[in-house]
Amino acid sequence: MLVVGLWGVNRGGMWRDEGVTFQVARRTVPEIWRLLHGVDAVHGLYYFLMHAVLAVRPGEIALRLPSVLAAAATAGLVAALGVRLCRPRVGLWAGLLYAVNPLAGHYAQEGRSYALVAAGAAGATLLMVRLVDGPAGPAGPAGRAERAGSVGRGWWLYGGVVAVTCLLHELAVLVLCAHAVTLALLRVPRAVWWQWGHAAGAVGAVVLPLVLVSRNQSAQVGWLPVPDWESVERLLRGFAAGPRGVVFWGCVVLMAVGFLAGRAAAFAAPLMLVPPGILMLLSQVRPLYHDRYVLYALAGAPLLIAAGADRLARIAGRRSRSRAVAVAGVLAVSLVFLHVLPLHRHYRTPAHRPDNLASVSALAARQVRPGDPVLFLPSLGRRAALAYPKGFQGVRDLALEVPGARSGTLYGREVGPGELRRRLAAVNRVWVVAAPYALGTRWYPRDLTERVKLVAVEEWFVPASESVRDGVTLRLYVRRPATGSPAVPEPPRRPVPR
């Protein structure tokens, strides 16, 4: 998994979410803390962690290295779960299946928190397996007291791991629901429920303030659609070792067999099914679902596949315990990796992500000169300049009033519509960095400053040149040949299309 994660990790450009991580993590601690009161509280702990990482050496490799290491740790934890729940060869197969999974490889190279959340959830699951099994120790009253103390400390450690995982992303709290289903399937004693309940309650107390703050920031995920059956199919194909063909259907069959694998299924199946299932159901009322938010559930899939393969091997004959079977499984996983190798290669290209901020900055560096006025339409288009400032060095950001770090925002606070009109009236040319939907569409923003940007360049200026890179339009406008500058008409108020 470490090799897969490091392969092509410096792909030559950050996309928008990684750009946010990069520019926020390089702020001071007070500036990050101020930002979280208005936006992105759900990623607060991750930003502080990345602040320490990027303080050593800022760059794309450092940005993604924590995710690479977390993915490697998750593969090892999945292997340890397979060993603990079944036998060594199941752990070997499960860990390797996780490592070759394209979805795991994708997020291993993502400068966001999802790979770290997956490691935390897998670690908490392994702790729960050990606690449910109970520690071994000497007999007698002293031994029982020692074991009881060890179990108590173990449950608090479990709660601490889950709490930190949830602070990295609050939707990881659904792993507690998966663990509750596991305890119900295993019919554990009441004492175990009692100890788990204490740990879960402590997690809830820690995470509740984050939930309350993030509720007021829910507009950030207003773009998420309601999940449907296509979402279910896409997630299943992502959880399988290969998303199509004989590899996919083979994984589905082995998963189905793995559901009969006793204790292994009791831990792996809820981990794989419960968090995505609950989030999809909740998202029918208020959309919150995205496959990256439940990446940690992926750990259950290779466990089920490996347990199913082991069950078939044991049914096949008495010699199924030989090392040859383990080696055959490793060879099978190697063939799977060769099958999905083109997909891994595609995931390592900048084209796989929605955009490439480095490419946009390079385009601006070739055409925009220091001192040129620039408008970002909408304001979040400023992310390319924040992630890669070299391409916009020395430009005049006409709409910016206070930069993001000082204003406690992601992209800065902009001037009002009146001030923007005055600034536009003083220039004869302006570069517009526009999102794909901002020009030549029916997009109509609610923000008055954004409306002035949209209307003023059409009323006062005419296009002189245009370049498009990764969906972002860089267009030069020059003033219309006329005497004086008519006032920009107030744009009509009309409903904003969803």
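Analysis parameters
- Residues numbered from 1 in each chain as written.
- Predicted model: local features only at pLDDT ≥ 70, side-chain atom pairs only at ≥ 80, totals over all residues.
- Heavy atoms only, no water.
- pLDDT = per-residue confidence, 0-100.
- Contact = heavy atoms within 4.5 Å.
- Helix = DSSP H or I, 4+ residues; strand = E, 2+ residues; numbered from the N terminus.
- Polar contact = N/O pair within 3.5 Å; in protein donor to acceptor, adjacent residues only side chain to side chain.
- Pairing = 2+ DSSP bridges.
- Salt bridge = Lys/Arg side-chain N within 4 Å of Asp/Glu carboxyl O.
- Buried < 20%, exposed > 50% of the residue type's maximum accessible area, 1.4 Å probe, protein only.
- Expected span 1.5 Å × (residues − 1).
- Axes fitted to C-alpha atoms, helices over the stretch in contact; angles between N-to-C directions.
- Parallel < 35°, antiparallel > 145°, perpendicular 65-115°, else oblique.
- Left-handed = near helix turned anticlockwise from the far one by under 90°.
- Nonpolar A, V, L, I, M, F, W, Y, C, P; charged D, E, K, R; others polar.
- Patch = residues over 30% accessible without salt bridge, like charges linked within 9 Å, V, L, I, M, F, W, Y side chains within 5 Å.
- Areas by Shrake-Rupley, 256 points an atom, 1.4 Å probe, with all protein chains shown as cover.
- Phe/Tyr/Trp six-rings, centres within 6.5 Å; stacked < 30°, edge-to-face > 60°.
- Lys NZ or Arg CZ within 6 Å of the ring centre and 35° of its normal.

Caption draft 1: Geometry of the confidence of the model for the chain. Averaged over every residue, the pLDDT of the chain is 89; the share at 70 or more is 92%. Confidence drops under pLDDT 50 across residues 136-140; counting only partners more than four residues distant or on other chains, this segment forms seven contacts.

Caption draft 2: Just the environment of Arg475, in detail. One can find Arg475 in strand E7 (residues 472-479). Along the chain, Arg475 and Pro463 lie 12 residues apart, while their C-alpha atoms are 6.8 Å from each other. Apart from the residues within four sequence positions on either side, Arg475 is in contact with Val430, Trp431, Val432, Leu439, Pro463, Ser465 and Glu466. Reaching out from Arg475, the side chain makes a polar contact with the side chain of Glu466 at a distance of 2.6 Å.

Caption draft 3: Representation of the sheet that holds strand E2 (residues 396-397). If you trace the five strands from one edge of the open sheet to the other, you get E2-E1-E5-E7-E6, paired in mixed fashion. Looking along the sheet, the strands with just one partner apiece sit at the ends: E2 and strand E6 (461-469). Judged from the four bridges that link them, strand E1 (residues 373-377) and strand E5 (residues 429-434) form a sheet pairing that is parallel. Its bridge partner lying in E5, Phe376 is registered against Val433.

Caption draft 4: Representation of the pattern of salt bridges. Counted under the stated rule, the structure contains 21 salt bridges. Glu18 is paired through a salt bridge with Arg11; the nearest N and O atoms lie 2.9 Å apart. Each member of the pair Glu18 and Arg11 is classed as buried. Here Arg263 and Asp133 are joined by a salt bridge, their closest N and O atoms 2.6 Å apart. One end of the pair, Arg263, is in helix H14 (residues 263-282); the other, Asp133, is in helix H8 (residues 114-133), with 130 residues separating them in the sequence. Exposure remark for Asp133: the relative accessible area of 35% places this residue in the partly exposed category.

Caption draft 5: Structural detail: helix H21 (residues 448-460). Between its terminal C-alpha atoms H21 stretches 17 Å, which fits the 18 Å expected from 13 residues at 1.5 Å a residue. For H21, the tally of buried residues reaches 10 of 13 residues, placing the bulk of the element in the interior. Every buried residue belonging to H21 is among Thr449, Glu450, Arg451, Val452, Lys453, Leu454, Val455, Ala456, Val457 and Trp460, and all of these are buried. Residues of H21 that are buried sit in contact with E1, strand E4 (413-414), helix H20 (417-425), E5, E6 and E7. Here H21 starts with a cap whose side-chain oxygen sits 3.1 Å from the backbone nitrogen of Thr449, and that cap is Asp447.

Caption draft 6: Highlighting the packing of helix H3 (residues 29-36) against helix H4 (residues 44-56). Here H3 crosses H4 at 165 degrees, and the two axes come no closer than 10 Å. Classified by the angle between their axes, H3 and H4 sit roughly antiparallel to one another. Our pair here, H3 against H4, has a crossing hand that is right-handed. Contacts from Val29, Ile32, Trp33 and Leu36 of H3 reach H4 at Gly44, Tyr47, Phe48 and His51. In the contact of H3 with H4, the residues fall into six nonpolar, two polar and no charged.

Caption draft 7: Spatial organisation of a nonpolar patch on the surface. The grouping of Leu2, Leu6, Leu65 and Leu69 at the surface amounts to a nonpolar patch, some 320 Å² of accessible area in total. Those elements that place two or more of their residues in the nonpolar patch are helix H1 (2-6) and helix H5 (60-85). With respect to the helices, strands and loops of the structure, Leu69 is situated in helix H5.

Caption draft 8: Seen up close, the packing of aromatic side chains. Throughout the structure, instances matching the rule amount to seven aromatic pairs. Seen in terms of ring centroids, Tyr46 and Tyr47 are 6.5 Å apart; in terms of plane orientation they differ by 45 degrees. Their pairing is tilted. The pair Tyr46 / Tyr47 is uniform in exposure class, with both members buried. Taking 5.0 Å as the distance between ring centres and 70 degrees as the angle between the ring planes, the aromatic pair formed by Phe248 and Trp249 counts as edge-to-face. Residue classification places Phe248 among the buried residues on the basis of a relative accessible area of 3%. For Trp249, a relative accessible area of 52% translates into the label exposed. A network of ring pairs unites the aromatic residues Tyr107, Tyr114 and Tyr293 as a single cluster. Residue placement shows Arg237 over the ring face of Phe248; its charged tip is 4.3 Å from the ring centre.

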